[in-house]
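# Overview (structure and organization)
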Amino acid sequence: MTSPRPVRTAVFPVAGLGTRFLPATKAIPKEMLPIVDRPLIQYAVDEALEAGIEQLVFVTGRGKSAIEDHFDMAYELEDTMEARQKDKAALEGTRLAPGQIAYVRQQEPLGLGHAVWCARSVVGNEPFAVILPDELLIGTPGCMSQMMSAYEKVGGNIVCALEVAREETRKYGIVDPGETDGALTEVRGLVEKPDPADAPSNLMLPGRYILQPQVMDILKTQGVGAGGEIQLTDAMASMIGTQPFHAFTFDGVRHDCGDKAGFVNATIDLALQREDIAPVIRSFLAKLNI
Ligand code: UTP
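A brief report on the enclosed structure follows.

Conventions we followed
Residues numbered from 1 in each chain as written. Predicted model: local features only at pLDDT ≥ 70, side-chain atom pairs only at ≥ 80, totals over all residues. Heavy atoms only, no water. Near = heavy atom within 4 Å. Polar contact = N/O pair within 3.5 Å; in protein donor to acceptor, adjacent residues only side chain to side chain. Areas by Shrake-Rupley, 256 points an atom, 1.4 Å probe, with all protein chains shown as cover. Nonpolar A, V, L, I, M, F, W, Y, C, P; charged D, E, K, R; others polar. Phe/Tyr/Trp six-rings, centres within 6.5 Å; stacked < 30°, edge-to-face > 60°. Helix = DSSP H or I, 4+ residues; strand = E, 2+ residues; numbered from the N terminus. Buried < 20%, exposed > 50% of the residue type's maximum accessible area, 1.4 Å probe, protein only. Lys NZ or Arg CZ within 6 Å of the ring centre and 35° of its normal. Contact = heavy atoms within 4.5 Å. Pairing = 2+ DSSP bridges.

### Quick word on the site of the ligand
In the vicinity of the ligand lie 19 residues, with Thr19, Arg20, Lys30, Gln106 and Gly111 positioned nearest. At a separation of 2.6 Å, an oxygen atom of the ligand approaches a polar side-chain atom of threonine 19. Between glycine 111 and the ligand, the recorded distance is 2.7 Å, taken from a backbone N or O atom to an oxygen atom. Contact with the protein chains hides 83% of the accessible area of the ligand, taken as 560 Å² for the molecule alone. Taken together, the residues of the shell around the ligand sort by class into ten nonpolar, five polar and four charged.

### Focus: the packing of aromatic side chains
Taken as a whole and judged by the stated rule, the model has four aromatic pairs. Their ring planes at 45° and their centres at 5.7 Å tell us that phenylalanine 58 and phenylalanine 71 sit as a pair that is tilted. Of the two residues, phenylalanine 58 sits in strand S4 (residues 55-60) while phenylalanine 71 sits in the loop between helix H2 (65-70) and helix H3 (75-83), which places them 13 residues apart along the sequence. Both residues of the pair, phenylalanine 58 and phenylalanine 71, count as buried. Members of the aromatic cluster, each reached through a chain of ring pairs, are Phe12, Phe58, Phe71 and Tyr103. When the ring centre of tyrosine 43 is taken as origin, the NZ or CZ atom of arginine 38, which lies over that ring, is 5.4 Å away.

### Quick word on the side chain of histidine 70
Along the polypeptide, histidine 70 turns up in helix H2. Sequence-distant contacts of histidine 70, that is, excluding residues within four places in its chain, are made with Met32, Pro39, Ile41, Gln42 and Thr94.

### Some remarks on helix H1 (residues 40-50)
Side chains three or four residues apart in an α-helix point the same way, a direct result of the helix having 3.6 residues per turn. Of all eleven residues that make up H1, eight are buried, and the element is covered over most of its length. Within H1, burial applies to Leu40, Ile41, Gln42, Tyr43, Ala44, Val45, Glu47 and Ala48. The first or second residue beyond H1 is glycine 52, which carries a positive phi of 90°.

### Things to note about the pairing of strand S8 (residues 157-160)
The alternating pattern of S8 places Asn157 and Val159 and Ile158 and Cys160 on opposite faces, both of which are buried. Alignment of S8 against strand S14 (residues 245-248), held across four bridges, turns out to be parallel. Along S14, the bridge assignment pairs isoleucine 158 with histidine 246. Here S8 pairs with strand S13 (residues 208-211) via two bridges, running antiparallel.

As structure tokens, this is what we get:
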């Protein structure tokens, strides 16, 4: 196989309403909620940059301007910190190169598929990645890097897929799996939010995708699917059979930070990995006697 076309752009759909996290998300974007001291969106951006992504496209909506500010220059803050000789290391990674980030607006939250389609003119006719920042995937290297290595080998479309309990299939896009070779499984079909009894497997899609640009043409005319939303899963399903399509089993840990329990788990997990605070957290947890 000739080398697949490089993936240079990542799309971050961040226009959702975050209703599961109300009232916290009434005025603060879900993607700005911090795990320890970094907002979720920062983890997602770092994961993309580690994977060699050059261009970041945020699909935003009303009330999401804090995300733009986060990756902007904070002149007063930086100037004051400098004048007071404070260490600015904590701001590392929050300012990207000029022109490296583009923002497009999704005027109505019509679904993930619609959000991705809103990025079409920035993505252009190239393969691209999609990263959902509320799914925190921790690995070494990161999930998108692992997926890029797999993409170098097989090209086409690759979705990250992880096993969940059967009864949870109704919350996710689910893979109909074919042959497996190591971490790669052929995708024969994709179904959005199936009942456990109808689900073709328990392999769910945790929000990391490498997609060929043809998906944008499909999304253009696609109607609503499960939950009355324009589903990315349905558009991807239409490409199966016309292009290589694989599910990739990520080697690492997943925290669903769009969910309250998942968010708290992520906070504990990452806090325990931080040398500066782990001893205090560990002794607190020990006192809880759980
Ligand atoms: P979710 O299904 O988690 O929806 O979206 P949500 O609105 O963020 O949260 P809840 O369910 O109301 O609590 C998955 C991802 O797709 C984005 C979200 O921002 C999130 O990153 N999304 C979803 C959009 O950008 N636009 C949409 O219309 C829907």
